[in-house]
Amino acid sequence: NHTNFATVGGAPFYSDLESGRRPGTLADFRRMVQLAHLCGPIHIVEGLLVEPQDLPVPVRHLDKALAQFTLSDKAMTAAAHGREVAADYIAMAAIVYGGLDAVEAQPVYATIVNANSPLRFDDRMLGGLIGYARHGQAIVVTPFILAGAMSPVTLAAAIAQQNAEALAGIALTQLVRPGAPVVYGGFTTNIDMQSGSPAFGTPEGALALLCGGQLARHYGLPFRGSGGLNNSKAVDAQAGYETQMSLWPAVMGHANLILHAAGWLEAGLVCSLEKFIIDVEGLAIMQRTLAGLTIEPDTLALDAIAEVGSGGHHFGTPHTLARYRSAFYMPLVSDRQNYDKWREDGERDAARRAHTLARQLLNAYEPPPLDEAIAEELAAFVDRRKLELPVR
């Protein structure tokens, strides 16, 4: 009965207002892990947050996992890119959590296993599924279906195919290890019939999320959805409204795990620093809204209403003064100044304000505590595996 928000994942490019759009680096990955650690509305740090293209492919996962373990203490996902990658993630988790038995007793990773739709899982995804399921880690089986390309064009057919692919992967996890934790995933939207590109933030994608949640509940499984999806190339109005058209259906569909909730831009090709911060603001507002309100004598404040009476105001009443600091949501990025003050401050739009806030957070970052012996063992493991793995 919970919803957990995870960062963007799988972006090959990184962007910010200083450097523009460019291939991701390990420094970018580490920077975004630090931001995710600092931002309360983010619960899970994605193992594929942004691809460090300055590292050889066979060893990237080692540096990414090391950054996740050392720069944040939040829950994390691990890459399902074959058995060897899975084995390395499991070995690193055993170092951190006190051995393989501890890792198998309580899942420490969720891993995303995508179907290669239509009706197929590739060998690397299957290798990751088998590798993690054998050790009792949570497998999030997620068909990635673009209606009109990877399924028939009708949404009903796309959802039926999603259901079949998800259940096939889930069944396999139980053949590998009965009782292994699984999540029913859905990532179904439509293709743009004019360009052939994926379309995000669409009514079809929203309906697929709502239907996916109903199917997951029918099978008694937790549900994975995606929020923050959009096709925009800039942190603009399109990015905002398409994000909300993905995020709200995921929440209202009661997704327990929502990936790509912060930082997604350009159909998932870009991890954007400014979009990440703006999305965190949106998640914070949503979490405050979904928390609801408390109805009790103190919050009804009938005495305060009677004290002020008609025609007065409540600015200085004891009831207001005792609660004003925490009564309302205080924005991180949103600007509520009058026009003249906004002009005096440089006429900054939301993206520029988000950039400033991100830099302030990063300047104040401090890593979470980690036992020095564990940190050294992790680093030694990474160094050894880099020598063992073939780097081409």
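Look a little higher up for the structure.
In this report, we go over the structure that sits alongside the text. Everything numeric here is computed off the predicted structure, so don't read it as measured data.

### A few points about the overall build of the protein chain
When helices and strands are counted, the protein chain shows 15 helices and 14 strands. Its C-alpha radius of gyration of 23 Å places the protein chain within 12% of the 21 Å reference for a compact globule of 392 residues. Classification of the 392 residues of the protein chain by burial places 50% in the buried group. The long-range fraction of contacts in the protein chain, counting pairs at least 24 apart against all pairs at least 6 apart in sequence, stands at 74%. For the protein chain, the computed accessible surface area is about 18500 Å², with 57% contributed by carbon and sulfur atoms. Separation of charge centres in the protein chain, based on 30 positive and 40 negative side chains, amounts to 3 Å.

### Here we look at helix 8 (residues 237-252)
Every α-helix carries 3.6 residues per turn, so stepping three or four residues along brings you back to the same face. The end-to-end C-alpha separation of helix 8 is 22 Å, in line with the 22 Å expected for 16 residues at 1.5 Å each. Every buried residue belonging to helix 8 is among Ala239, Glu242, Thr243, Ser246, Leu247, Pro249, Ala250 and Val251, and all of these are buried. Where the residues of helix 8 are buried, they touch strand 1 (4-5), helix 7 (203-218), strand 11 (223-226), strand 12 (257-259), strand 13 (264-265) and helix 9 (273-290). A distance of 3.2 Å separates the backbone nitrogen of glutamine 238 from a side-chain oxygen at the start of helix 8, and that oxygen is part of aspartate 236. A positive phi of about 60° marks histidine 254, the residue just after helix 8.

### Side note on the packing of helix 5 (residues 123-134) against helix 6 (residues 155-176)
Pairs of packed helices are described in terms of their axes, by the angle between the two and the distance that separates them. The interhelical angle for the contact between helix 5 and helix 6, taken along N-to-C directions, is 45°, at an axis separation of 9 Å. Between helix 5 and helix 6, the angle falls in the class oblique. In the crossing of helix 5 with helix 6, the sense of the turn from one axis to the other is right-handed. Of helix 6, the residues touching helix 5 (which contributes Leu126, Leu129, Ile130, Ala133 and Arg134) are Gly169, Leu172, Thr173 and Val176. For the contact of helix 5 with helix 6, the per-class residue count stands at six nonpolar, two polar and one charged.

### Let's talk about the side chain of threonine 111
Along the polypeptide, threonine 111 turns up in strand 6 (residues 109-115). Within the structure, the side chain of threonine 111 is placed 2.7 Å from the backbone oxygen of alanine 78, a separation counted as a polar contact. Setting aside its immediate chain neighbours within four residues, threonine 111 contacts Ala78, Ala79, Ala80, Tyr132, Ala138, Ile139 and Val140.

### Brief notes about a nonpolar patch on the surface
The grouping of Leu207, Leu210, Trp248, Met252 and Leu290 at the surface amounts to a nonpolar patch, some 470 Å² of accessible area in total. Residue placement: leucine 210 occurs in helix 7.

### With respect to the environment of valine 235
Mapping valine 235 onto the fold places it in the loop between strand 11 and helix 8. Looking at valine 235, the relative accessible area reads 27%, which means it is partly exposed. Residues valine 235 and phenylalanine 276, 41 residues apart in the sequence, show an inter-C-alpha distance of 9.8 Å. Discounting chain neighbours no more than four positions away, the residues touching valine 235 are Leu265, Ser272, Glu274, Lys275, Ile278 and Ala351.

### Some remarks on the packing of aromatic side chains
All told, the structure shown has 11 aromatic pairs when counted by the stated rule. Plain terms: the ring middles of tyrosine 184 and phenylalanine 223 are 6.3 Å apart, the flat faces sit at 50° to each other, and that makes the pair tilted. Pair noted here: tyrosine 184 is in strand 8 (residues 182-185) and phenylalanine 223 is in strand 11, with a separation of 39 residues, a long-range link. With respect to burial, tyrosine 184 and phenylalanine 223 carry one shared label: buried. Seen from their ring centres, phenylalanine 200 and tryptophan 264 are 5.3 Å apart, and the 80° between their planes marks the pair as edge-to-face. With phenylalanine 200 in the loop between strand 10 (198-199) and helix 7 and tryptophan 264 in strand 13, this residue pair connects regions lying 64 residues apart in the sequence. Across the pair, tryptophan 264 and phenylalanine 200 agree in class, each one buried. An aromatic cluster is defined as three or more aromatic residues linked by ring pairs; in this entry it consists of Phe69, Tyr89, Tyr97, Tyr109 and Tyr132. One residue, arginine 21, lies across the ring of phenylalanine 13, its end atom 4.0 Å from the ring centre.

What counts and what doesn't
Residues numbered from 1 in each chain as written. Predicted model: local features only at pLDDT ≥ 70, side-chain atom pairs only at ≥ 80, totals over all residues. Heavy atoms only, no water. Helix = DSSP H or I, 4+ residues; strand = E, 2+ residues; numbered from the N terminus. Rg over C-alpha atoms; globule rule 2.2 N^0.38 Å. Buried < 20%, exposed > 50% of the residue type's maximum accessible area, 1.4 Å probe, protein only. Contact = heavy atoms within 4.5 Å. Areas by Shrake-Rupley, 256 points an atom, 1.4 Å probe, with all protein chains shown as cover. Lys, Arg positive; Asp, Glu negative; His and termini not counted. Charge placed at Lys NZ, Arg CZ, Asp CG, Glu CD. Expected span 1.5 Å × (residues − 1). Polar contact = N/O pair within 3.5 Å; in protein donor to acceptor, adjacent residues only side chain to side chain. Axes fitted to C-alpha atoms, helices over the stretch in contact; angles between N-to-C directions. Parallel < 35°, antiparallel > 145°, perpendicular 65-115°, else oblique. Left-handed = near helix turned anticlockwise from the far one by under 90°. Nonpolar A, V, L, I, M, F, W, Y, C, P; charged D, E, K, R; others polar. Patch = residues over 30% accessible without salt bridge, like charges linked within 9 Å, V, L, I, M, F, W, Y side chains within 5 Å. Salt bridge = Lys/Arg side-chain N within 4 Å of Asp/Glu carboxyl O. Phe/Tyr/Trp six-rings, centres within 6.5 Å; stacked < 30°, edge-to-face > 60°. Lys NZ or Arg CZ within 6 Å of the ring centre and 35° of its normal.

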